[in-house]
Protein chains: 2
Amino acid sequence: MSHTAAQRRTRVDTSCVEAAVSQLRATLADKVTMTKAELDGHGRDESWHDPAPPDAVVYAESTEDVVAVVQACAAHRVPLVPFGAGTSLEGHVAALHGGITLDMTRMNRVLRINAEDLDCTVEAGITRKALDEQLRRHGVFFPIDPGADATIGGMTATRASGTNAVRYGTMRDNVLALTAVLPDGTVVRTGTRARKSSAGYDLTRLLVGSEGTLAVVTEVTLRLYGVPEVIGAAVCPFESLGGAVDTVIETVQLGVQVARIELLDERQIMASNAFSDLGLEEAPTLFLEFHGSRQTVQEQARIVGEIAETHGQRGWTFTTRTDERNRLWRARHDAYYADLALRPGAKGIPTDACVPISQLARVVAETRRDIEDAHVLAPIVGHVGDGNFHVIFLVDPDDPVELATAQELNRRLVRRAQAAGGTCTGEHGIGYGKLEFMREEHGDGVEVMKTIKRAIDPLNIMNPGKVVAAADTRGAGDAG
Amino acid sequence: MSHTAAQRRTRVDTSCVEAAVSQLRATLADKVTMTKAELDGHGRDESWHDPAPPDAVVYAESTEDVVAVVQACAAHRVPLVPFGAGTSLEGHVAALHGGITLDMTRMNRVLRINAEDLDCTVEAGITRKALDEQLRRHGVFFPIDPGADATIGGMTATRASGTNAVRYGTMRDNVLALTAVLPDGTVVRTGTRARKSSAGYDLTRLLVGSEGTLAVVTEVTLRLYGVPEVIGAAVCPFESLGGAVDTVIETVQLGVQVARIELLDERQIMASNAFSDLGLEEAPTLFLEFHGSRQTVQEQARIVGEIAETHGQRGWTFTTRTDERNRLWRARHDAYYADLALRPGAKGIPTDACVPISQLARVVAETRRDIEDAHVLAPIVGHVGDGNFHVIFLVDPDDPVELATAQELNRRLVRRAQAAGGTCTGEHGIGYGKLEFMREEHGDGVEVMKTIKRAIDPLNIMNPGKVVAAADTRGAGDAG
């Protein structure tokens, strides 16, 4: 569906792009590029959605560069797509209407680390792993960890989360302040370094998750955490998927503060065994992590171990060894790539519905039944402590029947999650791949979003066609 | 300053109000009232700011009632002020331009408690204490606790927090979803019951803290927590204010998960001794609370006790007895009323700046010096774990010199906090009392807020004159 929609969209007039590019070349010189390899490389993300290359790519090296690009795009009504690591999963970076892609990866400096206040400020183009390396030296860490080595700016844009969210929250909870360039070139600083504030509308939270449709984020102030005194990890296979899920539910309801509690079904274990050489039993399995003092970690592991005992666990392996832990979590982060390797040439269609925890067992079971009935290859893996899980449909992109089947199962899953009080996306975002689910989830809230989009970006130059349906917003980006 | 501003504002034309009231009487009958006592009672909050009574008060009993009132106000361009417990501190409920005040206190039902999912949905007019009573029966609690027995709707509107925020966050973190009536009468449901979502703009967070200027919140879905297995409380006096503050800083930086860590200076202890019969030594004192298993609580208390030891503590009293704890925290919640009782006839001017924790000791010390130099009566009390503290200036409202002195010291404090990377308000909000600080804190962000306000409330009927300066928005509410 999104494919035909993408094809239907018209591109911005070449003369407009040329005018913007020539204006930019005068000041930004070779930061502007139009080689085919660069255009192609910037038009696609890690998803199955059709790529759409921009007409030009600009590498920003400062907020001033971003201002110059935004102003040129505004002057000539040229669509602008911010680009980080290109690891998004719903076509967020596709230049659906052509225009200029703004590559942020050269803005990758850490501007300030304050271990005393447990915060830091970074440029938007730094990746989470590059940041982590610098933070560790100060005895602090940033917990948000999507599978990919995404940029902090991209993670801000999609309101990303990951395996630690059950304890530390998501980007929503861990971005304190932002520097952003508005569609007219104005630079705003939202939020402060204070932990809380009641000073007016929460512009920080409005921009977090707005996917580059309201502003380009150039700097991000993040909340940090002290590296725990002790970190313990556990692996626990179960007789059934239901037993694993029930263990998660009971753990969360008891208020045990696990740092991570991840589910991998037997198919995912098979894929990860092969890709990451884990050597685990092929059974529905929980990966867990506990943070705190030695005493706290031992107590938490004991409690969860006891809960697992009552739900058909088949072994509980606990370790505080760093190398073993790292191997485990690297494998977990590589789950998507492991799945892709399971079927060479296949594309992954990863779902990410999120439901209230009491609904999780039923929603997962019904989804699993759908998968089995349709005879498709689709491992399940997820951040089940949040009620969030992924089905990774592995499909032949050239087989329309397979594609249609996966999409239909995804639609059923989303409807099931929404009916259960949940959301169509726990962490991947809308991009253009999930636009069709917005109305059902938000009702007239979609109109409020469009009102905000029109008010802040009246020319509709900021990543047009994402989050709010392009056809309903005015401006050049949707001239067609 | 805000006083003259209030007086300068013109009121909506009487004929408009009459038209709206007569439209409403036809359907809402005696839910509409215009008695002087009702008007006066709804024009003031607990602050020192000049009251401004509305022209009519309507008691809403359902979302449908709210829709009727909003539609009538929109049709006749009449300002609308939502009203909860009337405990705001920056003139939030003053009907600066006249119009209709919408009293939400009859919408006080708990619609759903789901202990399994640790969430509930309530009508906006329920107070936090009334909710707490119902929650306790389910073994869960809601942690946000401003001093006053505010309504959940009012707490949502001001992005309130309280003593537990250092561990559990603020209303920003604990509101999952909202039902709200937009300025055109549309009912929207923002958010879902899922713990996290990346589905579009975060309308929930946009409305939390918007002080009734964008919509009227009628239902709130809240995140809950299991009642801890053990709760331990401690009281610890210090030789100096600096020693108490340093203990807080070190505790937070070490990552000890205290549930509450509150500072009361010797003046506040004096006031609370008199008001709440505490019998504590008159010294700068920390009130603390620890939540968790017996083991965790003991471990945390031991660690903080050791930190206090190195910063001049003069005694550490620990208890897990419910009655002693309750007495302590009741006294803490009554701190503002205790201060008012310290000087009969005086009004309180409570500041609430919030700074990064590393700046707290300096900012508190400099503020304390200001107070001493000016020879004013102003206890200090606060949620220091968040970097948030209150100076309660006790002034004779009829003495312009006292008023001006307190305002000037507050301005100095706000400037000091903002320069330290903090905010003018950690939890009280802007109302009309703190409008003057918005520009310095947000720069051009204020323009973004105005853009959003104009887009969502083009007639400027929703609580005009609050959060964003009235004179800069268009519409009837600011006709004068």
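Scoring rules and cut-offs
Residues numbered from 1 in each chain as written. Chains lettered and ligands numbered in written order. Predicted model: local features only at pLDDT ≥ 70, side-chain atom pairs only at ≥ 80, totals over all residues. Contact = placed C-beta atoms within 7 Å. Helix = DSSP H or I, 4+ residues; strand = E, 2+ residues; numbered from the N terminus. Nonpolar A, V, L, I, M, F, W, Y, C, P; charged D, E, K, R; others polar. Least-squares fit on C-alpha atoms with pLDDT ≥ 70 in both. Axes fitted to C-alpha atoms, helices over the stretch in contact; angles between N-to-C directions. Parallel < 35°, antiparallel > 145°, perpendicular 65-115°, else oblique. Core = buried A, V, L, I, M, F, W, Y, C linked by C-beta atoms within 7 Å. Buried ≥ 20, exposed ≤ 12 C-beta atoms within 10 Å, placed from the backbone. pLDDT = per-residue confidence, 0-100. Pairing = 2+ DSSP bridges. Domains from an automatic or database assignment.

Quick word on the interface of chain A and chain B
Next up, step 1: Taken together, the 70 residues of chain A in the interface contact 70 residues of chain B.
Next up, step 2: Elements that contribute at least two residues to the side of chain A that touches chain B include exactly α8 (171–174), β9 (187–190), α9 (203–207), β11 (225–226), α12 (294–309), α15 (357–374), α17 (438–442) and α18 (445–456) of chain A.
Next up, step 3: Split by residue class, the side of chain A that touches chain B holds 22 nonpolar, 32 polar and 16 charged.

What to know about the relation of the copies chain A and chain B
Next up, step 1: Here chain A sits on chain B after a turn of 180° about the axis and a move of 0.0 Å along it, with an RMSD of 0.0 Å. Both chain copies can therefore be described as sitting about a two-fold axis.

Thoughts on the packing of helix α11 (residues 266–276) of chain B against helix α14 (residues 335–342) of chain B
Residue and element names in this part refer to chain B.
Next up, step 1: At a minimum axis distance of 8 Å, the contact between α11 and α14 shows a crossing angle of 90°. Put simply, α11 runs roughly perpendicular to α14. Packed against α11, whose contacting residues are Q268, A271, S272, A274, F275 and S276, the element α14 presents A335, Y337, A338, D339, A341 and L342 at the interface.
Next up, step 2: Of the residues contributing to the contact of α11 with α14, the split by class is eight nonpolar, three polar and one charged.

A closer look at the environment of B:V208
Next up, step 1: In this fold, B:V208 is placed in the loop between α9 (203–207) and β10 (216–223).
Next up, step 2: Spatially, the C-alpha atom of B:V208 lies 32 Å from that of B:E366, the residues being 158 residues apart in sequence.
Next up, step 3: The contacts of B:V208, once residues within four sequence positions are left out, are A:D202, B:T156, B:R159, B:M171, B:R172 and B:V175.

Side note on the nonpolar core
Next up, step 1: Within the largest apolar cluster, 306 residues are counted, with the highest numbers of intra-cluster contacts made by A:V69, A:L102, B:V69 and B:L102.
Next up, step 2: Not counting residues within four places of it along the chain, the set of residues in contact with A:L102 comprises A:V58, A:A60, A:V66, A:V69, A:L80, A:V81, A:P82, A:F83 and A:V216.

Points about the confidence of the model for chain A
Close reading of the predicted structure is inappropriate where its pLDDT is low.
All names here are of chain A.
Next up, step 1: Considering every residue of chain A, the mean pLDDT works out to 94; 96% of them sit at 70 or more.
Next up, step 2: In this model residues 1–7 is a low-confidence stretch, pLDDT under 50, and it forms eleven contacts with partners more than four residues away in sequence or in other chains.
Next up, step 3: The low-confidence segment residues 471–480, where pLDDT is below 50, has 30 contacts with residues more than four positions distant or belonging to other chains.

Some remarks on the pairing of strand β4 (residues 100–103) of chain B
Residues and elements named next belong to chain B.
Next up, step 1: By the alternation rule, side chains of β4 split into I100 and L102 and T101 and D103, which are all buried.
Next up, step 2: As paired strands, strand β2 (residues 56–59) and β4 are joined by four bridges and run parallel to one another. Along β4, the bridge assignment pairs A56 with I100.
Next up, step 3: Judged from the four bridges that link them, strand β3 (residues 80–83) and β4 form a sheet pairing that is parallel. Residue pairing in the sheet places V81 in a bridge with T101 of β4.

A short note on the sheet that holds strand β1 (residues 32–33) of chain A
All names here are of chain A.
Next up, step 1: Judged by pairing direction, the sheet is mixed, and its four strands sit side by side in the order β1-β2-β4-β3 without closing on themselves. Edge positions in the sheet fall to β1 and β3 (80–83), since each of these pairs with one other strand and no more.
Next up, step 2: Packed onto the sheet, helix α4 (residues 63–76) meets β2 (56–59), β3 and β4 (100–103) and runs at close to 170° relative to β4.

Side note on the sheet that holds strand β8 (residues 175–181) of chain B
All names here are of chain B.
Next up, step 1: As summarised here, the arrangement of the five strands in space is β5-β6-β10-β8-β9, forming an open sheet in which the pairing is antiparallel. Here the strands that pair on one side only, and so sit at the sheet edges, are β5 (110–114) and β9 (187–190). Shown here is a sheet whose adjacent strand axes are inclined to one another by a mean of 10°, direction ignored.
Next up, step 2: In the packing of helix α4 (residues 63–76) onto the sheet, the strands contacted are β8, β9 and β10, and the crossing angle to β8 comes to about 50°.

Comments concerning the domain arrangement of chain A
Residues and elements named next belong to chain A.
Next up, step 1: Under the domain assignment used here, chain A contains domain 1 (2–106), domain 2 (110–226), domain 3 (230–337) and domain 4 (343–419).
Next up, step 2: The C-alpha-based centres of domain 1 and domain 2 are spaced at 23 Å.
Next up, step 3: With 18 residues of domain 1 at the contact, the number on the domain 2 side is 21 residues.
Next up, step 4: Broken down by secondary-structure element, the contributors of at least two residues to the side of domain 1 that touches domain 2 are α4 and β3.
Next up, step 5: Top contributing element to the side of domain 1 that touches domain 2 by residue count: α4, with six residues.
Next up, step 6: Of the residues assigned to the side of domain 1 that touches domain 2, the class counts are nine nonpolar, seven polar and two charged.

With respect to the pairing of strand β13 (residues 260–264) of chain A
Residue and element names in this part refer to chain A.
Next up, step 1: With five of its five residues buried, β13 lies for the most part within the structure.
Next up, step 2: Here β13 shows two buried faces, one formed by R260, E262 and L264 and the other by I261 and L263.
Next up, step 3: Taken together, the five bridges between β13 and strand β14 (residues 285–292) define a ladder with antiparallel strand orientation. The residue bridging R260 from the neighbouring strand is E289, located in β14.

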